[in-house]
Amino acid sequence: TVELNPALLPLDWLLGTWESDEPGEGCFPTIKPFHYTETLNFSHVGQPVINFMFSAFNAETKKPLHRESGFIRMQPGTNRVAFIIAQNSGLVEIEEGELTGQQLNLQSQAVARISFAREPHVQQISRVFQLRPDGKLEQTVSMATDNQPLMQHLHITYRRSS
Ligand code: HEM
């Protein structure tokens, strides 16, 4: 196994695989509330970069739904974190924010999409990752679309599976 690049030590608590604990909750003013399960994986190969892959499923049918993957970098000597993200819906984004203890607050800095992406288009995303004192990881995602202001879309907690 390769040693974690020291630039990423402040994020070592993310590394590994996480499974949703109980089904996550999805909502938005324009959709029917839903439940989902999700597996997160964060890995590295010694570069100053974390590789990640998130895979979400319908909680009842287990059908694969949303997927995103990308890279995480930290600005050396600061608590500034950047996520470089591609989503299976055709959306790509850069999110940046600050690490405070074991809480990560991110806001989209750039959002782009394929020419034939479904409407409404996402205009803004913000999310929070937090490692709780009980060892569980929590993620909350909010988004703004063409016709809705920034509002919560997802909330889920995970337990470490490896
Ligand atoms: C709906 C974006 C993650 C499940 C939507 C809509 C958007 C969106 C724009 C349509 C809202 C509308 O019609 O007004 C995103 C973004 C995500 C994300 C930007 C990540 C940052 C997820 C995840 C799941 C999920 C992880 C888990 C399964 C759904 C479902 C709907 C939906 C079930 C409603 C049905 C549908 O439109 O397909 N999402 N989503 N989303 N999202 Fe997400």
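Asks: Can you walk me through the pairing of strand 4 (residues 50-58) in this structure?
Replies: Taken residue by residue, a regular strand's side chains alternate between the two faces of the sheet. By the bridge criterion, eight bridges tie strand 3 (residues 34-43) to strand 4 in an arrangement that is antiparallel. Each bridged residue has a counterpart across the sheet, and for Glu38 the counterpart in strand 4 is Ala56. Count of turn residues in the strand 3/strand 4 antiparallel hairpin: six residues, of which Gly46 carries a positive phi of about 95°. Both strand 4 and strand 5 (residues 64-74) contribute to a ladder of seven bridges, which runs antiparallel. Its bridge partner lying in strand 5, Phe57 is registered against Pro64. Between the end of strand 4 and the start of strand 5, which pair antiparallel, lie five residues, with Lys62 showing a positive phi angle near 65°.

Asks: Mind showing me how you'd approach the site of the ligand here?
Replies: Taken together, 21 residues lie near the ligand, and Thr30, Phe34, Gln87, Arg118 and His153 sit nearest. Arg118 is positioned with one of its side-chain polar atoms (N or O) 2.6 Å from an oxygen atom of the ligand. Separating a nitrogen atom of the ligand from a side-chain N or O atom of His153 is a distance of 3.0 Å. Most atoms of the ligand, that is more than half of them, are within 2 Å of grid points of the largest pocket. Looking at the shell around the ligand, the elements that each hand over two or more residues are strand 3, strand 5, strand 9 (122-131), strand 10 (137-145) and strand 11 (148-160). Split by residue class, the shell around the ligand holds 13 nonpolar, five polar and three charged.

Asks: I keep staring at the layout of surface pockets and nothing clicks. Help me out?
Replies: Take a probe with the size of a water molecule and roll it over the atoms, and the empty space left behind shows itself. Of the voids in this model, the largest pocket is the one considered here, and its volume is about 1000 Å³. Breaking the lining of the largest pocket down by element, the ones donating at least two residues are strand 3, strand 5, strand 9, strand 10 and strand 11. In terms of residue class, the lining of the largest pocket is made up of 16 nonpolar, ten polar and seven charged.

Asks: Please explain the nonpolar core as it appears in this structure.
Replies: In a soluble, globular protein the nonpolar side chains are often hidden away together inside. Within the largest apolar cluster, 34 residues are counted, with the highest numbers of intra-cluster contacts made by Leu11, Leu14, Phe42, Ile72, Val81, Phe83 and Leu104. When sequence neighbours within four positions are dropped, the list of residues in contact with Ile72 reads Leu8, Leu11, Leu14, Phe42, Pro48, Val49, Ile50, Phe52, Val81, Ala82 and Phe83.

Asks: Can you help me understand unusual backbone geometry in this one?
Replies: Of all residues except glycine, most have a negative phi; of all peptide bonds, most are trans. Cis geometry marks the peptide bond from Glu119 to Pro120, where omega comes out at 0°. Along the chain, Pro120 turns up in the loop between strand 8 (103-113) and strand 9. Of note, Lys62 is a non-glycine position whose phi angle comes to about 65°, a positive value.

Asks: What exactly am I supposed to notice about the coordination of the iron atom of the ligand here?
Replies: Ideal geometry at a metal gives 109.5 degrees between four tetrahedral donors and either 90 or 180 degrees between six octahedral ones. The sole protein-derived ligand of the iron atom of the ligand is His153 (NE2), positioned 2.2 Å away. Within the secondary structure layout, His153 lies in strand 11.

Asks: Looking at this structure, I do not really get the side chain of Thr157. What am I missing?
Replies: Tracing the chain through its elements places Thr157 in strand 11. With residues near it in sequence (within four places) discarded, Thr157 still touches Glu19, Ser20, Asp21, Glu22, Arg132, Leu137 and Glu138.

Asks: Is there a simple way to think about the environment of Leu150 in this case?
Replies: Structurally, the position occupied by Leu150 is in strand 11. Relative accessible area serves as the criterion here: at 40%, Leu150 is assigned to the partly exposed category. The spatial distance from the C-alpha of Leu150 to the C-alpha of Met74 is 26 Å, given a sequence separation of 76 residues. Among residues more than four places away in sequence, those in contact with Leu150 are Gln124, Ser126, Ser142, Met143 and Ala144.

The rules behind each value
Residues numbered from 1 in each chain as written. Predicted model: local features only at pLDDT ≥ 70, side-chain atom pairs only at ≥ 80, totals over all residues. Heavy atoms only, no water. Pairing = 2+ DSSP bridges. Helix = DSSP H or I, 4+ residues; strand = E, 2+ residues; numbered from the N terminus. Near = heavy atom within 4 Å. Polar contact = N/O pair within 3.5 Å; in protein donor to acceptor, adjacent residues only side chain to side chain. 1 Å grid on protein atoms, 1.4 Å probe; cavity = no way out; pocket = protein on both sides within 12 Å on 5 of 7 lines; lining within 4 Å. Sits in = over half its atoms within 2 Å of the grid points. Nonpolar A, V, L, I, M, F, W, Y, C, P; charged D, E, K, R; others polar. Points joined across faces, edges and corners; volume = space filled by probe spheres on them. Core = buried A, V, L, I, M, F, W, Y, C linked by side-chain atoms within 4.5 Å. Buried < 20%, exposed > 50% of the residue type's maximum accessible area, 1.4 Å probe, protein only. Contact = heavy atoms within 4.5 Å. Donors = N, O, S within 2.8 Å, 3.2 Å for Na, K, Ca; no water.

This is a description of form; function is not addressed.
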